[in-house]
Amino acid sequence: MLPNELWLPIFEYLPPRSLRNVVLTSKKFYSVAIRLLYKHLILTSPASFATARSALSSIQLSPHALLLSISPFVRNVEQLQEAVAVVSFDGLKPITVNANNHRHSTRSLFSEIKDAYQPTLVADMTLYNTLLSQVTSFTSLRQLVFRGMILPVNFHSIVHDFPHLRDLAVVHCTVPFVRAPPDIDHTSLKIKTLTLLDIRATSRSDDDDMNLPRTRLRLLAKASTLRTLTYDHTVWVHRAFTSSSPSPPLTALDVKFPVQKDRPRIPLGFISFLETLPSLRTLILRNHVPALLLSSSALPALCAVSAPFSAMTSLCFGRSIVKLDIRDEAMLVPLYKAFSEVHSRLSKVQELSLFVGDWDDELMLAIVAHFPNLTKLQIRYARGGPSEDTIIGMGSRTLYALPYLVSVHIFCIPLPPPPQNFLETNNVDDDTAYGAPGIDDTYFQSMYDIDPDTDTNLEQDISDGNYGIHYWRHARNAHNTLPAIYQDADMIIAWNRACPGLRTVQLHPGWVWRRADPVDCWVARPCESGIFGEVFESPPCDAMILADIIKNAESEVRNTGWISFDPLLHPTITTDM
């Protein structure tokens, strides 16, 4: 019999359903596999937690990652206005009508939030305090996500209870008001990744700096080990840093600006904050941002930029950019002009992604002229498009001049309809209107990729002897039909001689062609998301891996009816939010 040290890495390759069977096999396998089965824990329903509390009490040392989305019942809090019942250990108690009557008087506080992430079930204080006690007992936690909930009153002290915590995220959460908050020094935190998005408060202030609960969340970024920071305009984390209290040596920064075009675009202190980041390598700016007036010595290590077209020139000038992602619609004439202005720096770009409203065949010539070292290229367009002859000749006319090119994504995406009123305008995100991933999508790592379960879930492939092209019969993503994919076969094969180094080609949002070697056949496979390719990847971090696992696990719960945290004992559907 193999020792536990060898069984553990073997079991790590098993999906959750197989791990359940392993746990039931023997006591020896139970002791080994139970650690993996509870490695990533999801607590999103107070009713499910009340049912499985006894099972959770036996796994204190097991979870390494936790998603928490359970709120206590607090009256007159906007995020809880859709709650219909309070959960206790004794059962459900409907919320009285008086509590719901307050909805309309407070709805305006968060009109820009559009009432997202509002739970329908909340916990009574006894159940909630038991939950917090249970959570703090998970001393091995490395990743922790608070999502769509009222943060605990003692939140700042709770995060210090996990000595191994490395990745912390607070998204779509309300910060409660505390009259006498304790003074806690977060510089001793060991977190490497921090995400603060859509932070709400129980009361609204015209000056965010005067809103003490949200302002205190900024102090989490003072952790001396922090390397990756993501935040949006609801918290403006950079205001926590001054000349006397500089930021830690960040290597990746992701900032989401407001959607409304009439708001000031450069918040106070943001430029000076960027000037103090000599080790920053990756910068992502979301929504419209004007040109940043940075000094020539700012951001000397910057090599990956994802930003609106308006900020491209100021960020690329004087810096050696390797990855460039233009997030919004780039008009062709200004785009060509910008390419010329920073031509000397663009020659080092290896990965390029951009969106153009109207297709222009001249675009490929401009890209070849200014980006000779490209390895990955993605072009999204909304209107027009290259003809079949243009695509067939693209290999021998333009792409052949890019000797290092291994991945090409050229496809059309539909633009969303324009907003009809002010509320719809608030709900439209410039960041995602042009096919770029939203800030949640980036965090959840839901960029375009081949479904890892494709080979086992789909039926065997059928090859066409004339083309040597393989495809999968049942595609999850129905962006395109198989006849449309067959039309791509001749066009892609025509590139073989001129572009022997190509390994990935995408001509439709829902499908991608791949091959491992120049002598191999091209294989068409469906992709899960299909909008944004692997051209520009956000900073890798364990928190995104956690979130990707959580996303897959929640999907499995909906499809199979198993509770995420205790599938062995409770084969019922989790009540989410």
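Structure: above.
Residues numbered from 1 in each chain as written. Predicted model: local features only at pLDDT ≥ 70, side-chain atom pairs only at ≥ 80, totals over all residues. Heavy atoms only, no water.

### What to know about the nonpolar core
So, step 1. Residues F146, L196, Y231, L253, L285, L324 and I379 are the most contacted members of the largest nonpolar core, which totals 127 residues.
So, step 2. Considering every element that reaches this core, the biggest residue donor is helix α3 (residues 27-37), with 6 residues.
So, step 3. Ignoring any residue separated from it by four or fewer positions in sequence, one finds L196 in contact with V170, L217, L220, T230, Y231, D232, V235 and V237.
So, step 4. With 7 residues, the next largest nonpolar core counts V77, A83, V86 and V122 among its residues. (Core = buried A, V, L, I, M, F, W, Y, C linked by side-chain atoms within 4.5 Å. Buried < 20%, exposed > 50% of the residue type's maximum accessible area, 1.4 Å probe, protein only. Helix = DSSP H or I, 4+ residues; strand = E, 2+ residues; numbered from the N terminus. Contact = heavy atoms within 4.5 Å.)

### Considering the pattern of salt bridges
So, step 1. Taken as a whole, this structure holds 6 salt bridges when the rule is applied.
So, step 2. Its salt-bridge partner being D254, residue R286 comes within 2.8 Å of it at the nearest N-O pair. You can see R286 sitting in strand β11 (residues 282-286) and its partner D254 sitting in strand β10 (residues 252-256), a full 32 residues away along the chain.
So, step 3. In this structure, K323 engages E351 in a salt bridge whose closest nitrogen and oxygen atoms are separated by 4.0 Å. Taken as a pair, K323 in strand β13 (residues 323-329) and E351 in strand β14 (residues 351-358) lie far apart in primary sequence, 28 residues in all.
So, step 4. Residue classification places K323 among the partly exposed positions, given a relative accessible area of 24%. (Salt bridge = Lys/Arg side-chain N within 4 Å of Asp/Glu carboxyl O.)

### Overview of the pairing of strand β8 (residues 193-201)
In summary, the side chains of a regular strand alternate between the two faces of the sheet.
So, step 1. Of all 9 residues in β8, 9 are buried; the element is thus mostly enclosed.
So, step 2. Where strand β7 (residues 167-175) lies against β8, 8 bridges are found, and the strand directions are parallel. Bridge pairing in β8 links V171 to L197.
So, step 3. Two elements, β8 and strand β9 (residues 228-232), share 4 bridges in a ladder whose sense is parallel. Looking across to β9, one finds that L196 is bridged to Y231. (Pairing = 2+ DSSP bridges.)

### Quick word on the sheet that holds strand β5 (residues 121-123)
So, step 1. Pairing within the open sheet is mixed, and its 3 strands lie in the order β4-β3-β5. Bordering the open sheet on either side are β4 (91-94) and β5, each of which pairs with just one other strand. If you compare each strand with its neighbour and ignore which way they point, the axes differ by 35 degrees on average.
So, step 2. Pairing analysis gives 3 bridges linking strand β3 (residues 85-88) to β5, with the strands arranged parallel. In the sheet register, A85 faces β5, and the bridge partner there is L121.
So, step 3. Together, β3 and β5 form the strand contacts of helix α4 (residues 46-56), whose direction differs from that of β5 by roughly 50 degrees. (Axes fitted to C-alpha atoms, helices over the stretch in contact; angles between N-to-C directions.)

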